[in-house]
Amino acid sequence: MRRPLVLLDTDFDGARFGAACAAHGGRRLHYIALAPRPVDASHLPEQWRAQWPLCVPGLHRMVSHDGLVTLDVLIGEPDACLAQLSARIDEVLLAWVPAAMAVLARLMVDGGQLHALHLDEAQRAQLQQNGFVFDESRLRAVFYARRAEHVAAVTPERRAIVIGAGVAGAAACERLAARGWKVTLIERHAQPASEASGNLAGIFMPLLSKDDNIPTRLTRAAYLYSLRRWKDLGGIGAAIEGAQSGVLHLARDGAHAQVQRQIAASGLYPREFARWLEAPEASAMLGAPAPDGAWWFAQGGWARPSSVCAAMLDACGTLLTRCFSSSALRLERGDQEWLVRDADGALIAAAPTVILAAGTGAVNFEQAAGLPLDAVRGQVTHLAEGSLPSLPFVVCREAYMTPAYQGVMCVGATYAADADSSLRMDSQHDNIAKIADMLDLSPFEAPLAGRTGFRCMAPDRLPLAGALPDPGVPGRCERLRDVPRWPGLFGLLGYASRGLIWAPLAAELLACQLEGEPLPLERQLAEALDPARFLLRERRRAA
C-alpha cells in the first residue's frame, strides 16, 4: 500500500480542501488542517458535514467513505497546535504563517513543497534560514533537509499477531486490517470478549477538568474518535448493541459542583458536548433530588463490549485469522520475526510484529514482565427491570446505572485489589447502596446476580499504547526516544474502566506508528501513552 500524500493547511479552507481531494488522483491523501476559529462546515460535501467535530480543542480525525482521504482538523491556538503535530509533511499550504518557522521545518520531508498565500520579506528570510528554497515567484519553495534531519520512510511487512481478543485486541485487528495487514488473532478462550470485555454494558462519556489536563484531553479525544468509528462500523443501536442515550453525571457534593460551574462558565465546551444542569433541571431529569446539579452528556450512552468486538472483527474480513482456544504463553525472537508458542512449546503463529492486548496477562510473557500493570477487581450487579426507577439514560456518580436492556439493568462497578472472581454479596450491597443513594431510595436486597471482571490498570491510570521497552538493555535515558525497545513488539494495555473508548483511538495510534502515518493525537498526548514512560522515569531517578 503506497504511502499517503500528506498535506498541511495552516488555516482550514473548504475550497482548498476540495481542490486537494479532486487532485489526489486515487492516491491516498492525508489532509491536516489547523482551525484557529470555528469552521462553517455547511458548504462541505455531506460525508464531511456528517463527521464534522464539535468545536472542542484537540485533533479530530475523519475518513472518507472510500477510505482514500483522511482529514485531521486541529482546533485550538495555531502555534500550539503546530508544535504538537506528529507528521511528515509532503506539502504545506501556508495561509497562516507560524511564529516559529523551525517548527514547520521539523515536520517537512526532504523535497517537501511550500505554497504561501502571502509572505513579507522577514517571513521569507526566516523560512530560508530553516531550509526552504524559493523560486522566482517568491511564494513557492522546496524544503531541503539537513542530512542529520533526514529520516527515511521504512515500509513494514504487513503481518502481525495480536494476543487477546477483548476490545483492545479487536480494535488492533480492525485498524491494521483497514491498512491491508494480515492479522492472526490469538485468544485463549473459545470466543472474543470473554474477560474484562465480557460485561453486558460499558458506559461511554467524556471527562472534564478545570485545567483541561492530559487525562481529560486524552479521554475527550478517545470518546469523540470512538463515536465516529462506531458510526463507520454500523452504529450504536444497530450493528452494535447499546444506545447513545445520554449520560447524567451527578456532582458529588457542593464543593465539586462549584468547580463544575467554573468549568461550564469557561465556555470551552458547546452544549451538545457537555451541558451543566443546576439542581432543578437535574432533579427533574433524575426524578429524585439532585441538590448539587449534574452534567448532561447528550452524546454519551452505553454499549455491549462483546458486540463492539464482533463489529470490529467482522470488519477485518479475510485478512483476519482467528486462533481461539489457544493459550499463547511464550514469545521467542526468531529470524526477523516473533514465534508465539503454547504451554507445550508448539508453534501457534509467527510474524514480524506482535501486539500484546491481553490485559494483565501480558506480564506473563518474559518480555513484558516488568510493566507496572495491576488487576483491579470490578463486580457489576445485574438487577431485574423494575427493581429501580426506569430511566432512559445512564446515570452515574460513585456508581453507574444503565437503562434496562433485555430485562436487565447494570449497576456498578466496585474497585478492589483482590483476585476473587466469584460474585460476592458485600460487593452487591456496595453497588446497590451507592445507586440507591443517588436515586434517594433505601438500600434493598436483590438476588445475587452479576459479573466479576478484572481491569488492567497502570499506576497513572493511562493506557500503554506503543512499542514495548526492553529493560535488559542498559544505558542512560533522557527522552522517550532513548529508551531501548523490543524490535517488533508492541502493547495495547492498561485501559482500566474506559476500555470501550480507549480501544479504537489507541489502536489507531499504534497503526499510525507502524505505518509512519501522521499520529491521531497531539505529540504530548501520544507520549503520555508511551509504554516506555515508566522505564524512563526509573532510569532518570537512577542517573
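- The protein chain carries the name FAD-dependent 5-carboxymethylaminomethyl-2-thiouridine(34) oxidoreductase MnmC in an unreviewed UniProt entry, which gives Janthinobacterium tructae as its organism.

## As for the overall build of the protein chain
No. 1: Counting secondary structure elements, the protein chain contains 14 helices and 28 strands.
No. 2: Here the C-alpha radius of gyration of the protein chain, 24 Å, is about what a compact globule of 543 residues would show, namely 24 Å.
No. 3: Taken along its principal axes, the extent of the C-alpha atoms in the protein chain is 80 × 65 × 50 Å.
No. 4: When the 543 residues of the protein chain are sorted by exposure, 54% land in the buried category.
No. 5: When contacts within the protein chain are restricted to residue pairs at least 6 apart in sequence, those whose partners lie at least 24 apart make up 68%.
No. 6: Of the roughly 22800 Å² that the protein chain leaves accessible, carbon and sulfur atoms contribute 52%.
No. 7: Charge separation in the protein chain, taken as the distance between the mean sites of 54 positive and 58 negative side-chain charges, equals 3 Å.

## Some details on the side chain of Arg-228
No. 1: As for its position among the elements, Arg-228 is in helix α7 (residues 214-232).
No. 2: No salt bridge is formed by the buried Arg-228, whose closest oppositely charged neighbour, Asp-232, lies at an N-O distance of 7.5 Å.
No. 3: In contact with Arg-228, other than residues within four places in its own chain, are Gln-51, Pro-53, His-60, Arg-61 and Met-62.

## With respect to empty space enclosed by the protein
No. 1: Taken as a whole and judged by the stated rule, the model has 7 cavities of 30 Å³ or more.
No. 2: Each pocket or cavity is described by its volume, and for the largest cavity that value is around 70 Å³.
No. 3: Taken together, Pro-57, Gly-58, Leu-59, His-60, Arg-217, Arg-220, Ala-221, Leu-224, Arg-228, Glu-522 and Leu-525 make up the full set of residues lining the largest cavity.
No. 4: Residue assignment for the lining of the largest cavity shows that the elements contributing at least two residues are β3 (58-63) and α7.

## Quick look at the environment of Gly-491
No. 1: Relative to the helices and strands, Gly-491 resides in strand β28 (residues 485-493).
No. 2: For Gly-491, a relative accessible area of 0% translates into the label buried.
No. 3: If we skip the residues at most four places from it in the chain, Gly-491 touches Leu-356, Leu-464, Ala-465, Gly-466 and Leu-468.

## As for the packing of helix α6 (residues 167-177) against helix α10 (residues 305-314)
No. 1: Close contact between α6 and α10 brings their axes to 8 Å; oriented N to C, the two are set at 20°. Looking at the two axes, α6 sits roughly parallel to α10. Crossing handedness for the pair α6 and α10: left-handed. Counting all contacts with α6, which are made through Val-167, Ala-170, Ala-171, Cys-173 and Glu-174, the residues of α10 involved are Pro-305, Cys-309, Met-312 and Leu-313.
No. 2: Grouping the constituent residues of the contact of α6 with α10 by class yields 8 nonpolar, no polar and 1 charged.

## Points about the pairing of strand β25 (residues 408-412)
No. 1: Of all 5 residues in β25, 4 are buried; the element is thus mostly enclosed.
No. 2: Relative to β25, strand β22 (residues 374-384) runs antiparallel, the two being bridged by 4 bridges. Paired with His-382 across the bridge in β25 is Cys-410.
No. 3: Taken together, the 2 bridges between strand β24 (residues 400-401) and β25 define a ladder with antiparallel strand orientation. Across the sheet, Met-401 pairs through a bridge with Val-411, a residue of β25.

## Quick notes on the sheet that holds strand β12 (residues 242-243)
Within a sheet, adjacent strands bond to each other through the backbone by hydrogen bonds, running parallel or antiparallel.
No. 1: The antiparallel open sheet is built from 3 strands, whose spatial order is β11-β16-β12. The sheet is open, and its two edges are formed by β11 (202-204) and β12, each paired on a single side.
No. 2: The pairing of β11 with strand β16 (residues 301-303) spans 3 bridges and is classified as antiparallel. In the strand pairing of β16, Phe-204 is matched with Gly-301.

The rules behind the values
Residues numbered from 1 in each chain as written. Predicted model: local features only at pLDDT ≥ 70, side-chain atom pairs only at ≥ 80, totals over all residues. Heavy atoms only, no water. Helix = DSSP H or I, 4+ residues; strand = E, 2+ residues; numbered from the N terminus. Rg over C-alpha atoms; globule rule 2.2 N^0.38 Å. Buried < 20%, exposed > 50% of the residue type's maximum accessible area, 1.4 Å probe, protein only. Contact = heavy atoms within 4.5 Å. Areas by Shrake-Rupley, 256 points an atom, 1.4 Å probe, with all protein chains shown as cover. Lys, Arg positive; Asp, Glu negative; His and termini not counted. Charge placed at Lys NZ, Arg CZ, Asp CG, Glu CD. Salt bridge = Lys/Arg side-chain N within 4 Å of Asp/Glu carboxyl O. 1 Å grid on protein atoms, 1.4 Å probe; cavity = no way out; pocket = protein on both sides within 12 Å on 5 of 7 lines; lining within 4 Å. Points joined across faces, edges and corners; volume = space filled by probe spheres on them. Axes fitted to C-alpha atoms, helices over the stretch in contact; angles between N-to-C directions. Parallel < 35°, antiparallel > 145°, perpendicular 65-115°, else oblique. Left-handed = near helix turned anticlockwise from the far one by under 90°. Nonpolar A, V, L, I, M, F, W, Y, C, P; charged D, E, K, R; others polar. Pairing = 2+ DSSP bridges.

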